[in-house]
Amino acid sequence: MTEFLRGSCLCGGVAYKADKATLSGASHCYCHMCQKQHGAASGTYANVASAGFSYERGAELVHEYHSSGHGRRGFCKVCGSTLTWRSTQAPDRIAITLGTMEPEYVGPVQHELHTESKPRWLPKA
Ligand SMILES: [Zn+2]
Ligand SMILES: [Zn+2]
């Protein structure tokens, strides 16, 4: 039996599910593109298998912005929630935003990426 994790955007128009067993590599990414897209210190994502990922509703509301030659950033066209990041160079996996998961993600965050551009205004750990 596949156990699913679920999530949705701020307006609730988009909902997704993913195979929980494939979740890996939770990370805070401090690159400038993630900061711009999220309007925040980082984009926080974990990878799941593409094969086990699907939209339960609102797939037609998701727009993918091409942020680089291979990067695709999925967001809700109604409320702007960032939902996914994927690379056309790695079609077997898709990254989903931890902040959109319901119930809340409770696992560890294993990685911090692009710490050279980590904002200096973040609280000190
Ligand atoms: Zn929405
Ligand atoms: Zn990033």
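Provided above is the structure to which this section pertains.
Residues numbered from 1 in each chain as written. Chains lettered and ligands numbered in written order. Predicted model: local features only at pLDDT ≥ 70, side-chain atom pairs only at ≥ 80, totals over all residues. Heavy atoms only, no water.

1. Some details on unusual backbone geometry
The condition is simple: Helix and strand assignments follow DSSP, with helices taken as H or I runs no shorter than four residues and strands as E runs no shorter than two, numbered in order from the N terminus.
With an omega of 0 degrees, the peptide bond running from Glu102 to Pro103 counts as cis. You can see Pro103 is positioned in the loop between strand 9 (93-97) and strand 10 (111-113). A positive phi angle is found at His114, which is not glycine, with a value near 55 degrees. When you line up the elements, His114 lands in the segment after strand 10.

2. Quick word on the side chain of Ser42
Put simply, the rule reads: Note on classification: 1.4 Å probe, protein chains only; a residue is buried when its accessible area is under 20% of the maximum for its type, exposed when over 50%, partly exposed between these limits. Pairs of N or O atoms are called polar contacts if they sit within 3.5 Å, as long as, within protein, a hydrogen donor faces a hydrogen acceptor (for residues adjacent in sequence, only side-chain-to-side-chain pairs).
Turning to its location among the elements, Ser42 is positioned in the loop between helix 1 (32-38) and strand 4 (43-49). Ser42 sits in the buried class, given a relative accessible area of 15%. Reaching out from Ser42, the side chain makes a polar contact with the side chain of Thr44 at a distance of 3.3 Å.

3. Re the nonpolar core
Filter applied, for reference: Buried residues of nine kinds, namely Ala, Val, Leu, Ile, Met, Phe, Trp, Tyr and Cys, make up a nonpolar core once their side-chain atoms join them within 4.5 Å. In what follows, a contact means two residues having at least one pair of non-hydrogen atoms within 4.5 Å.
In this structure, Tyr16, Phe53, Leu83, Ile96 and Met101 are the most contacted members of the largest nonpolar core, which totals 17 residues. Of all elements in the fold, only strand 2 (15-19), strand 4 and strand 9 reach the threshold of two or more residues within this core. Not counting the four nearest positions on each side in its chain, Phe53 is found in contact with Tyr16, Lys17, Ala18, Val48, Thr84, Ile94 and Ile96. Counting five residues, the second-largest nonpolar core is a separate cluster that includes Cys29, Cys31, Cys34 and Ala95.

4. Focus on the environment of Thr82
Turning to its location among the elements, Thr82 is positioned in strand 8 (residues 82-87). Sequence spacing of Thr82 and His63 is 19 residues, and the spatial spacing of their C-alpha atoms is 9.9 Å. Setting aside chain neighbours within four positions, we find Thr82 in contact with Gln37, His38, Gly74, Phe75, Thr97 and Thr100. Of the polar contacts made by the side chain of Thr82, one reaches the side chain of His38; its length is 3.2 Å.

5. Focus: the sheet that holds strand 1 (residues 4-8)
Quick note on the threshold: Strands are treated as partners if at least two bridges between them are detected by DSSP. Interaxial angle, 0 to 180 degrees, is taken between N-to-C directions of lines fitted to C-alpha atoms, where a helix line uses only the stretch in contact.
Read across the open sheet, the three strands follow the order 1-2-5; overall the sheet is antiparallel. Taken across any chain shown, the strands that pair with only one partner, and hence form the sheet edges, are strand 1 and strand 5 (54-57). Sheet twist, expressed as the mean angle between neighbouring strand axes with direction ignored, is 30 degrees. The sheet contact formed by strand 1 and strand 2 spans five bridges and is antiparallel. Of the residues in strand 2, the one forming a bridge with Ser8 is Ala15.

Interpretation note: all reported values are geometric properties and have no functional meaning in isolation.
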